Amino acid sequence: MGLTYNTYLNAQKIFGCKQCKTHLADFDHIISRNFRGQHGKAFLFSDVVNIKQAEAMERNMTTGRHIVRDIICKQCNETVGWKYDKAYEQSEKYKEGKFILESELLCNVT
């Protein structure tokens, strides 16, 4: 398969994987801080880097039914959040293609 290289972000504030410090997201790409995950506070991001995506599955969440997939740090294989593939409620469609990173699983890299 060959080597895969990590993407290194160049920003004022970078969120990384708490386990291995791999860059995951730029603070400026936060869409909302008003989310909750399994471990508490979570952030909605427009894009993230250095992740692998698990298989899509349907989940009933507090805001309705969604098709989501876990996102995993590609360096250490720690689950760090999830990606919204599909929202069934019209008011939740803005989440489609966006990423949730759980605060408890992140660290500040810079």
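Residues numbered from 1 in each chain as written. Predicted model: local features only at pLDDT ≥ 70, side-chain atom pairs only at ≥ 80, totals over all residues. Heavy atoms only, no water.

(A) Representation of the overall build of the protein within the structure. Of the regular secondary structure elements, the protein holds zero helices and 10 strands. Seen in sequence order, the protein has helices and strands lined up from the N terminus as β-β-β-β-β-β-β-β-β-β. Relative to its length of 110 residues, the protein is compact, with a C-alpha radius of gyration of 14 Å against a globular reference of 13 Å. Counting over 110 residues, the protein shows a buried share of 39%. Considering only contacts in the protein between residues 6 or more positions apart, those separated by 24 or more positions represent 46%. For the protein, the accessible area works out to roughly 6600 Å², and carbon and sulfur atoms hold 44% of it. Measuring between centres, the 16 positive side-chain charges of the protein sit 2 Å from its 13 negative side-chain charges. (Helix = DSSP H or I, 4+ residues; strand = E, 2+ residues; numbered from the N terminus. Rg over C-alpha atoms; globule rule 2.2 N^0.38 Å. Buried < 20%, exposed > 50% of the residue type's maximum accessible area, 1.4 Å probe, protein only. Contact = heavy atoms within 4.5 Å. Areas by Shrake-Rupley, 256 points an atom, 1.4 Å probe, with all protein chains shown as cover. Lys, Arg positive; Asp, Glu negative; His and termini not counted. Charge placed at Lys NZ, Arg CZ, Asp CG, Glu CD.)

(B) A look at the pairing of strand 3 (residues 30-37). In the sheet, strand 3 pairs with strand 4 (residues 40-45) via five bridges, with the strands oriented antiparallel. Along strand 4, the bridge assignment pairs Arg 36 with Lys 41. Where strand 3 folds back onto strand 4 in an antiparallel hairpin, the turn is made up of two residues. (Pairing = 2+ DSSP bridges.)

(C) Local environment of the nonpolar core. One finds Leu 24, Phe 45, Val 48, Ile 71, Val 80 and Leu 101 to be the most contacted residues of the largest nonpolar core, which totals 15 residues. Where this core is concerned, the elements lending two or more residues are strand 1 (14-17), strand 2 (23-26), strand 4, strand 7 (64-73) and strand 9 (99-102). Formed by seven residues, the second largest nonpolar core is a distinct cluster that contains Leu 44, Val 68, Trp 82 and Ile 100. (Core = buried A, V, L, I, M, F, W, Y, C linked by side-chain atoms within 4.5 Å.)

(D) View of the pattern of salt bridges. This model, assessed by the stated rule, comprises six salt bridges. A salt bridge links Lys 18 to Glu 104; its shortest N-O distance comes to 3.2 Å. Taken as a pair, Lys 18 in the loop between strand 1 and strand 2 and Glu 104 in the loop between strand 9 and strand 10 (106-108) lie far apart in primary sequence, 86 residues in all. Take Glu 104: its relative accessible area is 42%, and that puts it in the partly exposed class. Taking the shortest distance from any N to any O, the salt bridge between Arg 69 and Asp 85 comes out at 2.8 Å. Taken as a pair, Arg 69 in strand 7 and Asp 85 in strand 8 (residues 79-87) lie far apart in primary sequence, 16 residues in all. (Salt bridge = Lys/Arg side-chain N within 4 Å of Asp/Glu carboxyl O.)

The values reported here are purely geometric and, on their own, carry no functional implication.
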